[in-house]
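Given next are the chains, with one letter for each unit.
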Amino acid sequence: MIDARLEEEFNEQINKELYSEYLYLAMKAYFQELNLQGFVNWFDVQVQEEHAHAMGMYDYLNERGGKVDLRAIDKPVVEGKTIIEIFEQVLRHEEFVTSRINHLADVADEVKDRAALHLLDWYIKEQVEEEASVGGVLATLRLIGEDKNALLQLDKDLAARTFVAPVIG
Ligand code: OFO
């Protein structure tokens, strides 16, 4: 049986992961308007990954005899007005999620839940990858500046990203 405090933290994090899915869906729409299909694809993969992250915790709560308690998902706010600003927001968001996952691991540590810590190790590694992947796109965007041809080349590169269902835990 899972500790009640940890159960609450997992439920809150399921909500944050579903919010991430929603936020990236909103950003995908921004790139659809610009007809940058590689960026659309990049966000589409991001959307699917966030859904998988939420479901990993959902399944885990069920497995551990916890109760899944779904909450309202906030309206996603795309703050950026330019492509770079959008990716800066993505990076800030991922850093926030990393801090949330670290907090969950702290709680799991406090209640001595080793199984949860093992699961959260996967999420900790995933966040390192997420931040690196977003940081990589952001660095390229900064190099590109106003060069439209280079932007179209990046769009082509991002079209190659594919979703691979993660094996969580
Ligand atoms: Fe779920 O990793 Fe992004 O938010």
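Residues numbered from 1 in each chain as written. Predicted model: local features only at pLDDT ≥ 70, side-chain atom pairs only at ≥ 80, totals over all residues. Heavy atoms only, no water.

Trainee: I tried to follow unusual backbone geometry on my own but got confused; where do I start?
Mentor: Glycine aside, residues mostly have negative phi, and peptide bonds are mostly found in the trans state. Non-glycine residue N35 carries a positive phi angle of around 60°. Within the secondary structure, N35 is located in the loop between α1 (4-34) and α2 (37-63). Even without a glycine there, the phi angle at K112 is positive, about 55°. Mapped onto the secondary structure, K112 falls in the loop between α3 (83-110) and α4 (114-144). (Helix = DSSP H or I, 4+ residues; strand = E, 2+ residues; numbered from the N terminus.)

Trainee: I would appreciate a short explanation of the layout of surface pockets in the present structure.
Mentor: It is the rolling of a water-molecule-sized probe over the atoms that shows where space remains empty. Counted as a void, the largest pocket has a volume near 230 Å³. Surrounding the largest pocket, T82, I83, I84, L141, I144, G145, E146, D147, K148 and L151 form its lining. (1 Å grid on protein atoms, 1.4 Å probe; cavity = no way out; pocket = protein on both sides within 12 Å on 5 of 7 lines; lining within 4 Å. Points joined across faces, edges and corners; volume = space filled by probe spheres on them.)

Trainee: Help me understand the side chain of N11 in this model?
Mentor: Considering the arrangement of structural elements, one finds N11 in helix α1. Contacts of N11, omitting those with residues within four sequence positions, involve L61, K67, V68, D69 and R71. (Contact = heavy atoms within 4.5 Å.)

Trainee: Which parts of the structure should I look at to understand the packing of aromatic side chains?
Mentor: What characterises a pair of aromatic rings is the spacing of the ring centres plus the angle enclosed by the ring planes. Using the criterion set out here, one finds 11 aromatic pairs in the structure. Arranged with centres 5.9 Å apart and planes meeting at 70°, the rings of F39 and F87 form a pair that is edge-to-face. Of the two residues, F39 is situated in helix α2 and F87 in helix α3; the sequence distance between them amounts to 48 residues. An identical accessibility class is assigned to F39 and F87; each is buried. Pairwise contacts between aromatic rings join Y24, Y30, F31, F39, W42, F43 and F87 into one cluster. Sitting over the face of the ring of W42, R161 holds its NZ or CZ atom 4.7 Å from the ring centroid. (Phe/Tyr/Trp six-rings, centres within 6.5 Å; stacked < 30°, edge-to-face > 60°. Buried < 20%, exposed > 50% of the residue type's maximum accessible area, 1.4 Å probe, protein only. Lys NZ or Arg CZ within 6 Å of the ring centre and 35° of its normal.)

Trainee: Looking at this model, I keep getting lost on the nonpolar core. Mind explaining?
Mentor: Nonpolar side chains in soluble globular proteins generally cluster together in the buried interior. Residues F31, F39, F43, I83, F87 and L141 are the most contacted members of the largest nonpolar core, which totals 24 residues. Taken together, the elements giving at least two residues each to this core come down to α1, α2, α3, α4 and α5 (148-158). One finds I2, L18, A105 and V107 within the second-largest nonpolar core, a separate group that totals 20 residues. (Core = buried A, V, L, I, M, F, W, Y, C linked by side-chain atoms within 4.5 Å.)

Trainee: Could you clarify how one ought to interpret α4 in this entry?
Mentor: Owing to its 3.6 residues per turn, the α-helix aligns residues three or four sequence positions apart on the same side. If you check α4, its first and last C-alpha atoms are 45 Å apart, about what 31 residues at 1.5 Å a residue would give, namely 45 Å. With a side-chain oxygen lying 3.3 Å from the backbone nitrogen of A115, the N-terminal cap of α4 falls on D113. Of the residues trailing α4, G145 is marked for its positive phi of about 60°. (Expected span 1.5 Å × (residues − 1). Polar contact = N/O pair within 3.5 Å; in protein donor to acceptor, adjacent residues only side chain to side chain.)

Trainee: Please clarify how the pattern of salt bridges should be interpreted in this entry.
Mentor: Between side chains of opposite charge, a pair can form when the charged atoms approach closely. According to the stated counting rule, one finds 11 salt bridges in the structure shown. Note that E49 and R161 form a salt bridge whose closest N and O atoms lie 3.6 Å from each other. Of this pair, E49 sits in helix α2 while R161 sits in the segment after α5, and the two are 112 residues apart along the sequence. Comparing E49 with R161 shows no difference in burial state: the two are buried. Put simply, R71 and D69 hold a salt bridge, and the shortest N to O gap is 2.8 Å. Look at R71 and you get partly exposed, because its relative accessible area is 25%. By relative accessible area, which is 36% here, D69 ends up partly exposed. Each of the salt bridges in this network shares a partner with another, and the network as a whole consists of E8, E12, K16, D69 and R71. (Salt bridge = Lys/Arg side-chain N within 4 Å of Asp/Glu carboxyl O.)

Trainee: Is there a simple way to explain α1 in this structure?
Mentor: For α1, which comprises 31 residues, the first-to-last C-alpha distance of 46 Å matches the rise-based estimate of 45 Å (1.5 Å per residue) to within 8%. Measuring from the backbone nitrogen of R5 back to the side-chain oxygen at the start of α1 gives 2.8 Å, which picks out D3 as the cap. Positive backbone phi, approximately 60°, marks N35, located one or two places after α1.

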